[in-house]
Amino acid sequence: MPIGKKFRILSLDGGGSWALIQAKALQKLFGDIPGRDILSHFDLAAATSGGAIVLGGLIENKTPAELIALFKDEETRQSIFYEVGWLDHFVDKTLETALRMGPRYSAGRKYSGLRKVFAGLGGTPLDQISAQAWPGSGDNKLRLLITAFDYDRKKAVFFRSDTQSLAANFDTCKPPLLAEAVHASSNAPVNYFDLPALFPASPSYANRRFWDGAIGGYNNPLLAAVTEVLSNPDWYQGGPQSIQALSLGTGQVSLPLGDHRLPQYPELIRHQESTGLINDLMELAQSIIDDPPDSASFTAHVALGQPLPTKSDQIIANGCVVRLSPVVRPVLDKTSGGWALPGWRKENPPLSIEEFEALTKLDMDAVKPEQVKLLEKLADLWIEDIVPNQGIRSDPDFNVRIGHGTFGEGMAAWNNLMGT
């Protein structure tokens, strides 16, 4: 994969089974081609959690359609989200019943499931992936960066394919296996998996334990990827002016607080939750995949010297960072001045209020068939420019000021950067 004048980054957010949305986006952006052909457009790929599963699938050379089928396959979903029983964790299950929180899935079973999904290169160390996937590529190789959180050291950790990276802080551990890195990165705690992730096949990581990369603040790994490149400008031949980044999210819920603008339905605005121990613990447990709407993307935009709006009505849409991710939110109806469902003026409204409300309450472990079907519909409506896109920065009324308000606009911007 030749590194030309531009250094291109693919960044894949976390989000559990919502990562189905990324597979849909890749299919629209690149067509239904083998995963390694998609990765050949990039010089570095960074991923967290569900995005790491997508990245692993691309490395296994799965097409977007095969990745979509993987997320839709109930047996595969259950092998990753394997529910623990009362005999496995009696105390945890009791707390879950009483407090509506606690681990629901087995971390050990997840690792076994991932090894089956990544049957080809899952057992290959990260620093050997390029040589195995693209033999004869020489120094022109794809660099990999997968985020996780060190349970015992209480700090973010990055699994790299490049052992010589100056951002690595002279880590003496050898790169883990691909399946192990994905396992650690996708190991969401508290309300999801019962134990920290372990690396049974890598002796240099003996007694090391890991949580999901989102815990370290890298649910959107774009800024980590940009930092990686800027730390190695000579070796990567990539300075701030040469970087182009495609950041794919997994969806976000953004509801406006109630004000004078009457909503079409009460469910379209945010109603404040009661405070207290149980609700606060629930908020904390669910916040690991939440990211301020544009923090990582916006910081990367600024770090790469991109322009900022100087007037309230100015829109910056020609930067080197393209952010694509659906936002479950209402839209302002220009006629009534109130909040309304996306696309509600169409002859056959594409999204019902029941579906909208279900999406706002859908957790990252959406594994039931009807939940996966709803996620697929969300992705399709987003790609059709009915559901809004997440900008790099938006104003309080969700008007995009940096980035793109629709998937189509963002796709056109990326194609322009790619010269297609």
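These remarks concern the structure in this document. (Residues numbered from 1 in each chain as written. Predicted model: local features only at pLDDT ≥ 70, side-chain atom pairs only at ≥ 80, totals over all residues. Heavy atoms only, no water.)

**Considering empty space enclosed by the protein**
Over the atoms rolls a probe the size of a water molecule, and its path tells where empty space is left. Across all of its chains, the model carries 3 cavities of 30 Å³ or more by this definition. Considering the residues around the largest cavity, the lining is formed by 15 residues, among which Gly16, Ser17, Ile53, Ile80 and Phe81 are closest to the centre. Of all the secondary-structure elements, those providing two or more residues to the lining of the largest cavity are helix H3 (50–59), helix H4 (64–72) and helix H5 (74–80). Residue contributions to the lining of the largest cavity peak at 3 residues, all from H5. Every residue along the wall of the second largest cavity is listed here: His301, Ile316, Ala317, Asn318, Gly319, Val321, Ile392, Ile402, Gly403 and His404. In the lining of the second largest cavity, the residues fall into 5 nonpolar, 5 polar and no charged. (1 Å grid on protein atoms, 1.4 Å probe; cavity = no way out; pocket = protein on both sides within 12 Å on 5 of 7 lines; lining within 4 Å. Points joined across faces, edges and corners; volume = space filled by probe spheres on them. Helix = DSSP H or I, 4+ residues; strand = E, 2+ residues; numbered from the N terminus. Nonpolar A, V, L, I, M, F, W, Y, C, P; charged D, E, K, R; others polar.)

**Considering the packing of aromatic side chains**
Applying the stated criterion across every chain yields a total of 17 aromatic pairs. Residues Tyr205 and Phe210 carry aromatic rings whose centres are separated by 6.1 Å and whose planes lie at 65 degrees to one another, so their mutual orientation is edge-to-face. Accessibility classification places Tyr205 together with Phe210 in one group, the buried group. Pairwise contacts between aromatic rings join Phe159, Phe199, Tyr205 and Phe210 into one cluster. Stacked on the ring of Tyr82, the Lys or Arg Arg109 has its end atom at 4.1 Å from the ring centre. Directly above the ring of Phe298 sits Arg393, whose terminal nitrogen or CZ lies 3.7 Å from the centroid. (Phe/Tyr/Trp six-rings, centres within 6.5 Å; stacked < 30°, edge-to-face > 60°. Buried < 20%, exposed > 50% of the residue type's maximum accessible area, 1.4 Å probe, protein only. Lys NZ or Arg CZ within 6 Å of the ring centre and 35° of its normal.)

**Side note on unusual backbone geometry**
In this model, Ser49 sits at a positive phi of 50 degrees, which is unusual for a non-glycine residue. Considering the arrangement of structural elements, one finds Ser49 in the loop between strand S2 (44–47) and H3. Classification of Ser49 as buried rests on a relative accessible area of 1%. Despite not being glycine, Asn207 shows a phi value in the positive range, around 70 degrees. Within the secondary structure, Asn207 is located in the loop between helix H9 (178–185) and strand S5 (210–212). Here Asn207 falls in the exposed class, since its relative accessible area comes to 72%.

**Some thoughts on the pattern of salt bridges**
The tally for this structure, following the rule as stated, stands at 15 salt bridges. For the salt bridge of Arg209 with Asp152, the shortest nitrogen-to-oxygen distance reads 2.5 Å. Taken together, the residues span a long stretch of sequence, with Arg209 in the loop between H9 and S5 and Asp152 in the loop between strand S3 (143–150) and strand S4 (155–160) at a distance of 57 residues. Residue Arg209 is classed as partly exposed on the basis of its relative accessible area of 32%. Relative accessible area serves as the criterion here: at 38%, Asp152 is assigned to the partly exposed category. (Salt bridge = Lys/Arg side-chain N within 4 Å of Asp/Glu carboxyl O.)

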